[in-house]
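Observations on the model geometry
The chain contents come next:
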Amino acid sequence: MILDNLALKISLAIKRSNPDETASVEVMQYALGILLNTLITFICSILIGLLLHQWTATLLFYICFTLLRICSGGFHLKTALACNIVTTLLCTVTPFAFHPTGYVLLVLNICSLLIMLLFAPNPDSNTHIPLRWFPALKLTSIAFIGLSFLIGSSVIGLAFFVQSLTVIPWKGGFSR
């Protein structure tokens, strides 16, 4: 709610300063809301990562999770606050608490690859991605997972696995 109000105030200020050459207030507010939510999630994740002495793992998880999400899409929680909290927890707790190696990491990577093959991309309804881009998005998602096999990083494997779970078209408590 606070970020929505801030996005609205910024959008109104931009519109007042250049009313003829800017997008509508609603479009700017929506875009700024996304940027502000992303910034808040990033800052909170890094701060918690610093407190846990895991800031590099947190940063790596955040970057890998986000890059794969851009290509593969995935479900969204019902509110921006819920998304901020869950994303921050995923990016900080997952690399701190889990360190899969060997066979377990291989299984996670295989599962991620299969999920991407079956379900990616799965963009939310607010994005208007042309269907002709879907094959490239799927291939890019698969390529990221392929890199995870080569790199062998537990943090990257976990980030890709967690993100791949969001691509599955689950039924129930999530909004599209």
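We now turn to the structure provided with this report. (Residues numbered from 1 in each chain as written. Predicted model: local features only at pLDDT ≥ 70, side-chain atom pairs only at ≥ 80, totals over all residues. Heavy atoms only, no water.)

1. Thoughts on the overall build of the protein
Applicable threshold: Helix and strand definitions follow DSSP, with helices as H or I runs of at least four residues and strands as E runs of at least two, each counted in order from the N terminus. Type-normalised accessible area, obtained with a 1.4 Å probe on protein chains alone, sets the label of each residue: buried when under 20%, exposed when over 50%, and partly exposed for intermediate values. Only heavy atoms enter the contact rule, under which two residues are in contact if any of them lie within 4.5 Å. Method for areas: the Shrake-Rupley scheme with a 1.4 Å probe, in which residue coverage is limited to the protein chains shown. Only four residue types enter the tally: Lys and Arg on the positive side, Asp and Glu on the negative side, with His and both chain ends excluded. Charged side chains are reduced to one point each, which is NZ for Lys, CZ for Arg, CG for Asp and CD for Glu.
When its secondary structure is counted, the protein shows seven helices and zero strands. Mapped in sequence order, the helices and strands of the protein form the string α-α-α-α-α-α-α. Over its C-alpha atoms, taken along the principal directions, the protein stretches across nearly 60 × 45 × 30 Å. Expressed as a percentage of the 176 residues in the protein, the buried residues total 37%. Contacts in the protein between residues far apart in sequence, at least 24 positions, make up 74% of those at least 6 positions apart. Surface summary for the protein: the accessible area is close to 10,300 Å², and the carbon and sulfur share equals 75%. Across the protein, the centroid of the 9 positively charged side chains sits 14 Å from that of the 5 negatively charged ones.

2. Considering the nonpolar core
Put simply, the rule reads: Here, nonpolar core refers to any group of buried Ala, Val, Leu, Ile, Met, Phe, Trp, Tyr and Cys residues whose side-chain atoms link them within 4.5 Å.
Residues Phe61, Leu68, Met116 and Phe160 are the most contacted members of the largest nonpolar core, which totals 25 residues. Elements supplying a minimum of two residues to this core: helix 3 (55-72), helix 5 (102-119), helix 6 (134-151) and helix 7 (154-167). Here this core takes eight residues from helix 7, the largest share from any one element. When sequence neighbours within four positions are dropped, the list of residues in contact with Phe61 reads Leu90, Cys91, Thr94, Pro95, Val155, Leu158, Ala159 and Val162.

3. Structural notes on the state of the cysteines
Put simply, the rule is: In this description, a disulfide is simply a cysteine sulfur pair whose atoms lie within 2.5 Å.
Enumeration over the complete set of coordinates arrives at zero disulfides. As a non-bridged cysteine, Cys91 has Cys83 as the owner of its nearest cysteine sulfur, 9.9 Å distant. According to the relative accessible area criterion, Cys91 is buried, its value standing at 0%.

4. Side note on the packing of aromatic side chains
To be explicit about the condition: In summary, the pairing rule links any two rings of Phe, Tyr or Trp, Trp by its six-membered ring, whose centres are within 6.5 Å, and it sorts them by plane angle into stacked for under 30 degrees, edge-to-face for over 60 and tilted for everything else.
Tallied over the entire structure, the rule returns three aromatic pairs. Taking the centre distance of 6.1 Å and the plane angle of 15° together, the rings of Phe61 and Phe65 count as stacked. With Phe61 and Phe65 both in helix 3 and four residues apart, the pair spans about one turn of that helix. For the pair shown, Phe61 and Phe65 are each scored as buried. Taking 6.1 Å as the distance between ring centres and 45° as the angle between the ring planes, the aromatic pair formed by Phe144 and Phe160 counts as tilted.

5. Regarding unusual backbone geometry
Residue Ala120 is joined to Pro121 through a cis peptide bond whose omega torsion reads -10°. Within the element layout of this structure, Pro121 appears in the loop between helix 5 and helix 6. Positive phi is not limited to glycine here, since His53 has a value of about 60°. One can find His53 in the loop between helix 2 (25-51) and helix 3.

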